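A look at the structure
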Amino acid sequence: MTTKKALRIGLIGCGFMGRTHSNGYLRVKNFFPELAYQPVLKAVCSRTESKARAFAEQWGYESVETDWKALIARDDIDAVDICTPNDKHAEIAIAAAAAGKMILCEKPLARTLRESADMVAAIEKAKVPNTVWYNYRRLPAVTLAKQIIDSGKLGRIFHYRANFLQDWTINANLPQGGEGLWRMDADVAGSGVLGDLLSHCIDTALWLNGSITTVSAVTETFVKERMHQLTGKVEKVNIDDACSFMCRFSNGSLGLFESTRYARGHKALYTFEINGEHASIRWDLHDLNRLEFFDNADASTLKGWRSIHVTDGDQPYMNKWWVPGLGIGYEHSFVHQVADFLKSLEDGSSCPPTFREAFETQKVCQAVQDSAATGTWKDTHAA
Ligand SMILES: NC(=O)c1ccc[n+]([C@@H]2O[C@H](COP(=O)([O-])OP(=O)(O)OC[C@H]3O[C@@H](n4cnc5c(N)ncnc54)[C@H](O)[C@@H]3O)[C@@H](O)[C@H]2O)c1
């Protein structure tokens, strides 16, 4: 048996992402055995001890903490994984960087551009490996889209179109704030669908199509007041329920982005389509193993959208899983990000998207917010 180097993980936050990341740490050992580093689930932190203990038992963490500061102070933690709501990202990341810990931080990087800038400064000062969990990059079909674009097959890009649609907040009686509903509270989330959903679309777009230079946005809050779970009072809703923006990319293409939690019938429909001079690509999270591709070079009698089932061993990540033809799921994107993070440690680098790259997404988000507030076009670099 080869000896592995241990990456001792301290996870903060036992919710949805706490589970996806823990699953990633556990699975990587089985499916990426060649990596020099392997995660060791050292400690998990929840403010409620019973919750932390139950989570530790379920996922195999060796110990628990109820205060994230105590977790960061421990000598037996190498990497801090931030899975808390957005209001805690900056405080925890800055403290973890000062303590010399590696950091894996959930998206969006923070609530505001200011907080994000402070996080980037802290991590770059500490020079610690870092990554931000924009996990969709690591679904094989999305990674394949990147490879196809980089190969030049699309030629000059004209259009980038992305949607992220949900419908879970249409009920006007749904409260805002507190456990489970912090996404509805702007003080905790920073923004609504912009930071929660569109940030994913923006990260993928920057990765696939380069930087965004200028944006024009609209936002709407359809339900203006909701009961706040923590205060028990009806309070103004300050998040964006829906956000749409058009933009220009630095490669000359035009972008159109839409996100809402009011698209009845859609639970988590993330789609993108890219139209180039020679070919087009489109992808849909609900059918995540497929990438659709139209190539204008095909013979005219055969020309049409082909649906590539991205499950072959020579397609991204797929030689790690089953046999050609058998698909994988949402959770595998997190396994892949853990694997890539561990791989990057072998030469001491950071795993993209780094804090610095996630900051670029924050700049676009800030410009979108400013544009919607003023009704004018905004330059992302001036944000
Ligand atoms: N990458 C993705 O696709 C994706 C998907 C969902 C959420 N997220 C991000 O992950 C983060 C967490 O979201 P979630 O859906 O897991 O939320 P969640 O509400 O399911 O879980 C958050 C957990 O953090 C805990 N928590 C809050 N404050 C804490 C503190 N001070 N110390 C310890 N624990 C604390 C809460 O009790 C809760 O258990 C958010 O930043 C969110 O934007 C990313």
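Residues numbered from 1 in each chain as written. Predicted model: local features only at pLDDT ≥ 70, side-chain atom pairs only at ≥ 80, totals over all residues.

Going by the annotation in an unreviewed UniProt entry, the name recorded for the protein is Gfo/Idh/MocA family oxidoreductase, with Chitinophaga eiseniae given as the source organism.

**Focus: the sheet that holds strand E11 (residues 242-249)**
Pairing is mixed across the open sheet formed by nine strands, whose spatial order is E16-E15-E14-E13-E7-E12-E11-E8-E17. A single partner strand is all that each edge strand has here, and the edge strands are strand E16 (306-309) and strand E17 (378-379). As judged from the five bridges shared by strand E14 (residues 279-284) and strand E15 (residues 290-295), these two strands associate in the antiparallel manner. What sits directly across from Trp 283, in E15, is Leu 291. Contacting E14 and E15, helix H6 (residues 140-150) runs over the sheet at an angle of about 165 degrees to E14. Sitting on the sheet, helix H8 (residues 193-209) touches strand E7 (157-165), strand E8 (212-220), E11, strand E12 (254-260) and strand E13 (269-276), and the angle it makes with E7 is about 155 degrees. (Pairing = 2+ DSSP bridges. Helix = DSSP H or I, 4+ residues; strand = E, 2+ residues; numbered from the N terminus. Contact = placed C-beta atoms within 7 Å. Axes fitted to C-alpha atoms, helices over the stretch in contact; angles between N-to-C directions.)

**Quick word on the domain arrangement of the protein**
The domain boundaries assigned to the protein delineate domain 1 (5-135) and domain 2 (137-379). Summarising the inter-unit geometry, the C-alpha centres of domain 1 and domain 2 are found 23 Å apart. Where the side of domain 1 that touches domain 2 is concerned, the elements lending two or more residues are helix H1 (16-31), strand E2 (37-45), helix H5 (113-126) and strand E6 (130-132). It is H1 that contributes the most residues to the side of domain 1 that touches domain 2, eight residues altogether. Considered class by class, the residues forming the side of domain 1 that touches domain 2 number 22 nonpolar, ten polar and four charged. (Domains from an automatic or database assignment. Nonpolar A, V, L, I, M, F, W, Y, C, P; charged D, E, K, R; others polar.)

**Brief notes about H1**
Residues separated by three or four positions in an α-helix point in the same direction, a consequence of the helix having 3.6 residues per turn. The terminal C-alpha atoms of H1, which comprises 16 residues, lie 22 Å apart, in line with the 22 Å expected from a rise of 1.5 Å per residue. Met 17, Gly 18, His 21, Ser 22, Gly 24, Tyr 25 and Val 28 are the residues of H1 that are buried. Its buried side turned inward, H1 meets strand E1 (5-12), E2, helix H2 (49-59), strand E4 (79-82) and helix H9 (331-345). (Expected span 1.5 Å × (residues − 1). Buried ≥ 20, exposed ≤ 12 C-beta atoms within 10 Å, placed from the backbone.)

**A look at the site of the ligand**
Around the ligand sit 22 residues, and of these Gly 13, Gly 15, Phe 16, Met 17 and Glu 106 come closest. Looking at which domains feed residues into the shell around the ligand, each of domain 1 (5-135) and domain 2 (137-379) supplies at least three. (Near = placed C-beta within 6 Å.)

**Things to note about the environment of Gly 325**
Checked against the element boundaries, Gly 325 lands in the loop between E16 and H9. Taking the C-beta count within 10 Å as the criterion, Gly 325 has 9 such neighbours and is therefore assigned exposed. C-alpha of Gly 325 to C-alpha of His 266: the two residues are 59 residues apart in sequence and 27 Å apart in space.

**Some points on the UniProt feature "domain: Gfo/Idh/MocA-like oxidoreductase N-terminal" (unreviewed entry) in the protein**
Those places that UniProt annotates as "domain: Gfo/Idh/MocA-like oxidoreductase N-terminal" (unreviewed entry) correspond, in this numbering, to residues 7-129. What you have in residues 7-129 is 46% helix and 21% strand, and the ends, taken at the C-alpha atoms, are 12 Å apart. (UniProt positions renumbered as here; feature names shortened; annotations may be inferred.)

**Focus: the environment of Trp 68**
Inspection of the secondary structure puts Trp 68 in helix H3 (residues 68-73). Residue classification places Trp 68 among the buried residues on the basis of 22 C-beta atoms within 10 Å. Along the primary structure Trp 68 and Thr 231 are separated by 163 residues, whereas in three dimensions their C-alpha atoms are 25 Å apart. Those residues in contact with Trp 68 that lie beyond four places of it in its chain are Ile 12, Cys 45 and Ile 92.

**Regarding unusual backbone geometry**
Excluding glycine, most residues fall at negative phi; most peptide bonds, likewise, are trans. Here the bond from Lys 107 into Pro 108 is cis, since omega is -15 degrees, no more than 30 degrees from zero. With respect to the helices and strands, Pro 108 occurs in the loop between strand E5 (102-105) and H5. Residue Pro 353 is bonded to the preceding Pro 352 through a cis peptide linkage, with omega at -5 degrees. The residue Pro 353 is located in the loop between H9 and helix H10 (355-374) in this model. Although it is not a glycine, Lys 127 sits at a positive phi angle of roughly 55 degrees. Along the chain, Lys 127 turns up in the loop between H5 and E6. Positive phi outside glycine occurs at Tyr 317, with the angle close to 65 degrees.

**Quick notes on the UniProt feature "domain: GFO/IDH/MocA-like oxidoreductase" (unreviewed entry) in the protein**
Listed under "domain: GFO/IDH/MocA-like oxidoreductase" (unreviewed entry) in the UniProt record, and renumbered for this structure, are residues 144-282. Segment residues 144-282 splits into 20% helix and 37% strand. End C-alpha atoms: 11 Å apart.

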